[in-house]
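A look at the structure
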Amino acid sequence: MDFWQNDLGLHKQVSAPEVYLLEIKVAELLARWDRMADDHFRKARLSASKEACDALTIDANAKLEAIGKVLEKTLKVDDRVDWEKLKDRKPYSAPSQFPQKPPLRISHPKPFHQLPVITFMDRLLGRKGRKEAEALERFQQEVQKWETQDAAQGLAHDKEHAQWQARKAAFERDYQAAKQQYLDQQATSNAKVDELAEGVRTGDTKSVIEHASLVLDASDYGELFEKSYELDYQPDPAKLLLIEYELPSPEQMPTLKSVRFTASTGEVKEMHISERDQKANFDSICYQICLRTLHELFEADEHGNVDAILFNGFSTTVNKATGKDTRSCIMSVLVKKSEFMEIDLARVDPKACFKSLKGVSAASLAALAPIPPVMEMEKHDKRFVDAKEVIANIDTATNLAAMDWGDFEHLIREVFEKEFASRGGEVKVTQASSDGGVDAVAFDPDPITGGKIVIQAKRYTKTVGVSAVRDLFGTMQHEGASRGILISTADYGPDAYQFATGKPISLFTGSNLLHLLQKHGYNAKIDLQAARKELSLRGA
């Protein structure tokens, strides 16, 4: 997964074999970026005053000082993975008490018999008995009315209370089900941690690589640079861990030394370290990163899975002649664990130590002179999966919008393979994504219009918004692609078309896809309404 921090101009690709490990890595990355963003905005809010400038100077000096302590810092840390800390022990936190109070039984007071007022004249004229009888009749009528109302209110309350009890019972069932699901998922995730720990103990290749990734991800460089690397592992008999490490570029290194504020003019002036010191700092941090990485991985190797490590350090910088990014291997070393663990890193000169390990680099790393690595890490794009034939099975009854998304992915590959076939192009499908989206990479050899083309397909039944187009554009930049193609079984909103304007992005609607299939002799249909019903029934 790719993550961008636009305010800071940061990008990081995060991967893990399991979702729970991915969540751990993403949480650590976002937390670190949040701290960096807070610091960034704090500085932006500082007013141009002496106090603010003094604070910036202190911060700048702290960063420059941190460069010289990169290696020293790791010697105070236990780099071994604490498997228990990776486990989720948090209790289920949802409220367990039903929030609605039981309905109250509202009762009106029962009528009481009120004797009539009997006057002297009533007695004299014989009206006493009649008035008493009338009062008694009224009382009996009121009692009857009260009893009827009270009975109705009782029935209504009983019904309301029964409904409340039903809601309460449903809430309690849902709570217990959700709690059990949470505990089951928690137990499953924790079991996977144990499984990974056991894999590391037994030397499983995938587990050893993921273990090394956890170790390096936990290595805290503060705000000096953003870590990025690739790992591979050669098990018995070599027990060789291979690392391709992205070193910071000279442009990313801190150079600010002090900030001065002139009260009379309100002018703020920045002072930077000399170019010579900048080069020295770059060389220093690269050698320290190399030794620190070797130390962390060897120290964390409790089960003897790693006998040697290949470290190839790369740096990417802007070629001032062409304006394009240039990536070069500038340092390389192959180190045996038995030899490295004899070194007292607290007392070494990093460059001299690197050279004594027969490391290869130019005299000055800051020159970014490319060197042939001691050994190259064999690289292949592990995202690509084997092709699957789908297109021959479609006909006029096939609703593309309701296809299995895995089959839809391979259909896109096949139709674009046919489109590029005349030019000798090649299309590869990446591993299936859980959101039903599709990613493929086309390699078009045409010298004018060709290059690497990123293809993303959305088996959607609703209008595609601008976010999907933005995602494609970000992927193009990350992949170094010359063009991007977004394919949808539906249509695009106006904001999507507006964002794509002026960019090397093609937006294919469902109609475009059907036309492309017809061009190569295949017929199908797209019925979005029917697809919505079918996908809903299938839970897709």
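Our structure is the block above this text.
Residues numbered from 1 in each chain as written. Predicted model: local features only at pLDDT ≥ 70, side-chain atom pairs only at ≥ 80, totals over all residues. Heavy atoms only, no water.

Looking only at helices and strands, one finds 15 helices and 14 strands in the protein. Residues counted as buried form 40% of the 540 residues belonging to the protein. Element-wise, carbon and sulfur atoms account for 52% of the exposed surface of the protein, whose accessible area totals about 30900 Å². A gap of 6 Å separates the mean positions of the 72 positive and 83 negative side-chain charges of the protein. (Helix = DSSP H or I, 4+ residues; strand = E, 2+ residues; numbered from the N terminus. Buried < 20%, exposed > 50% of the residue type's maximum accessible area, 1.4 Å probe, protein only. Areas by Shrake-Rupley, 256 points an atom, 1.4 Å probe, with all protein chains shown as cover. Lys, Arg positive; Asp, Glu negative; His and termini not counted. Charge placed at Lys NZ, Arg CZ, Asp CG, Glu CD.)

Every other side chain in a regular strand lies on the same face of the sheet, so the side chains alternate between the two faces. Among the 11 residues of strand 7 (residues 308–318), nine are classified as buried, and the element is accordingly described as predominantly covered. Both strand 4 (residues 240–247) and strand 7 contribute to a ladder of eight bridges, which runs parallel. By the bridge assignment, Leu-247 is partnered in strand 7 with Ser-315. Between strand 7 and strand 8 (residues 325–336), which pair antiparallel and follow one another directly, the connecting turn spans six residues, one of which, Gly-323, has a positive phi of 80°. (Pairing = 2+ DSSP bridges.)

A complete count under the given rule lists 20 salt bridges for this structure. With a closest N to O distance of 2.6 Å, Lys-168 and Glu-172 form a salt bridge. On the criterion of helical spacing, the pair formed by Lys-168 and Glu-172 is a turn pair, its members being four residues apart in helix 6 (residues 128–202). Accessibility expressed as a relative area gives 36% for Glu-172, which makes it partly exposed. Note that Lys-279 is salt-bridged to Glu-275, the shortest N-O span being 3.8 Å. Remark: Glu-275 and Lys-279 occur in helix 8 (residues 275–300); sequence separation between them is four residues, near one turn of the helix. What emerges from the salt-bridge pattern is a single network uniting Glu-84, Lys-87, Arg-89 and Asp-194. (Salt bridge = Lys/Arg side-chain N within 4 Å of Asp/Glu carboxyl O.)

What follows deals with the packing of aromatic side chains. In this description, a pair of aromatic rings is defined by centroid distance and the angle of the planes. According to the stated counting rule, one finds 11 aromatic pairs in the structure shown. These aromatic residues form a ring-pair network of at least three members: Tyr-92, Tyr-175 and Tyr-182. Here the basic side chain of Arg-327 rests over the ring of Phe-314, its NZ or CZ set 4.0 Å away from the ring centre. Over the ring of Phe-473 we find Lys-503; its NZ or CZ atom is 5.6 Å from the centre of that ring. (Phe/Tyr/Trp six-rings, centres within 6.5 Å; stacked < 30°, edge-to-face > 60°. Lys NZ or Arg CZ within 6 Å of the ring centre and 35° of its normal.)

Within the chain, Lys-239 stands out as a residue other than glycine whose phi angle is a positive 50°. The phi angle at Lys-358 is positive, at roughly 65°, despite the residue not being glycine. Take Lys-358: it is sitting in the loop between helix 10 (350–356) and strand 9 (360–361).

With respect to the secondary-structure elements, Glu-414 resides in helix 11 (residues 405–420). One buried charged residue, Glu-414, forms no salt bridge at all, with the nearest opposite charge on Arg-413 at 4.3 Å. Engagement of the side chain of Glu-414 in a polar contact is seen with the backbone nitrogen of Val-390, the distance being 2.6 Å. If we skip the residues at most four places from it in the chain, Glu-414 touches Lys-388, Glu-389, Val-390 and Ile-391. (Polar contact = N/O pair within 3.5 Å; in protein donor to acceptor, adjacent residues only side chain to side chain. Contact = heavy atoms within 4.5 Å.)

What follows is about the layout of surface pockets. Sizing a probe to match a water molecule and rolling it over the atoms shows the empty space that remains. Put simply, the second largest pocket is a space of about 510 Å³. Lining the second largest pocket are 21 residues, with Glu-28, Arg-80, Asp-82, Leu-214 and Ala-218 positioned closest to its centre. For the lining of the second largest pocket, the residue count by class is seven nonpolar, two polar and 12 charged. (1 Å grid on protein atoms, 1.4 Å probe; cavity = no way out; pocket = protein on both sides within 12 Å on 5 of 7 lines; lining within 4 Å. Points joined across faces, edges and corners; volume = space filled by probe spheres on them. Nonpolar A, V, L, I, M, F, W, Y, C, P; charged D, E, K, R; others polar.)

Quick look at the pairing of strand 12 (residues 451–458) now. Counting buried residues in strand 12 gives six out of eight residues, a clear majority hidden from the surface. Handedness of the crossover joining strand 12 and strand 13 (residues 483–488) through helix 12 (residues 466–479) is recorded here as right-handed. (Right-handed = clockwise from strand over helix to strand, strands pointing away.)

Counted according to the given criterion, the structure contains one cavity of 30 Å³ or more. In this model, the largest cavity occupies a volume close to 120 Å³. If you go around the largest cavity, you meet 13 residues; those closest to its centre are Val-200, His-211, Ala-300, Asp-301 and Asn-305. Among the secondary structure elements, those contributing two or more residues to the lining of the largest cavity are helix 7 (205–217) and helix 8. The biggest single contributor to the lining of the largest cavity is helix 7, with three residues.

Time to look at the sheet that holds strand 7. Spatial ordering of the open sheet is given by 3-4-7-8-9, a layout of five strands whose pairing is mixed. Across the chains shown, the open sheet's two edge strands, defined by having one partner strand only, are strand 3 (229–234) and strand 9. Relative to strand 4, strand 3 is paired through six bridges, and the arrangement is antiparallel. In the strand pairing of strand 4, Asp-232 is matched with Leu-242. Helix 8 contacts strand 4, strand 7, strand 8 and strand 9 of the sheet and is inclined by roughly 45° relative to strand 8. (Axes fitted to C-alpha atoms, helices over the stretch in contact; angles between N-to-C directions.)

Once that is clear, we can look at the environment of Asp-78. Along the chain, Asp-78 falls in the loop between helix 3 (70–74) and helix 4 (83–86). Asp-78 sits 65 residues away from Gln-13 along the chain, and the two C-alpha atoms are 26 Å apart. Here the side chain of Asp-78 touches Arg-80 through a polar contact of 2.7 Å, side chain to side chain.

A few words on the packing of helix 6 against helix 7. Orientation of helix 6 relative to helix 7, taken along the N-to-C sense of each, is 110°, at an axis distance of 8 Å. One finds that helix 6 runs roughly perpendicular with respect to helix 7. At the point where helix 6 passes helix 7, the crossing takes the left-handed sense. Residue-level inspection shows Leu-196, Gly-199 and Val-200 of helix 6 in contact with helix 7, the latter providing Ser-207, Glu-210, His-211 and Leu-214. Taken together, the residues that form the contact of helix 6 with helix 7 break down as three nonpolar, three polar and one charged. (Parallel < 35°, antiparallel > 145°, perpendicular 65-115°, else oblique. Left-handed = near helix turned anticlockwise from the far one by under 90°.)

As a further point, take helix 11. Compared with the 22 Å implied by 1.5 Å per residue over 16 residues, the 23 Å span of helix 11 between its first and last C-alpha is a close match. Buried within helix 11 we find Gly-406, Phe-408, Glu-409, His-410, Leu-411, Ile-412, Arg-413, Glu-414, Val-415, Phe-416 and Phe-420. (Expected span 1.5 Å × (residues − 1).)

A separate point is the nonpolar core. In terms of nonpolar packing, the biggest core is built from 58 residues, with Trp-83, Tyr-245, Leu-294 and Met-331 touching the most fellow members. Leu-294 has contacts with Ile-309, Phe-311, Val-333, Val-335 and Phe-340, leaving out every residue within four places of it along the chain. One finds Leu-400, Leu-411, Ala-457 and Leu-517 within the second-largest nonpolar core, a separate group that totals 25 residues. (Core = buried A, V, L, I, M, F, W, Y, C linked by side-chain atoms within 4.5 Å.)

That is the geometry; function is a separate question.
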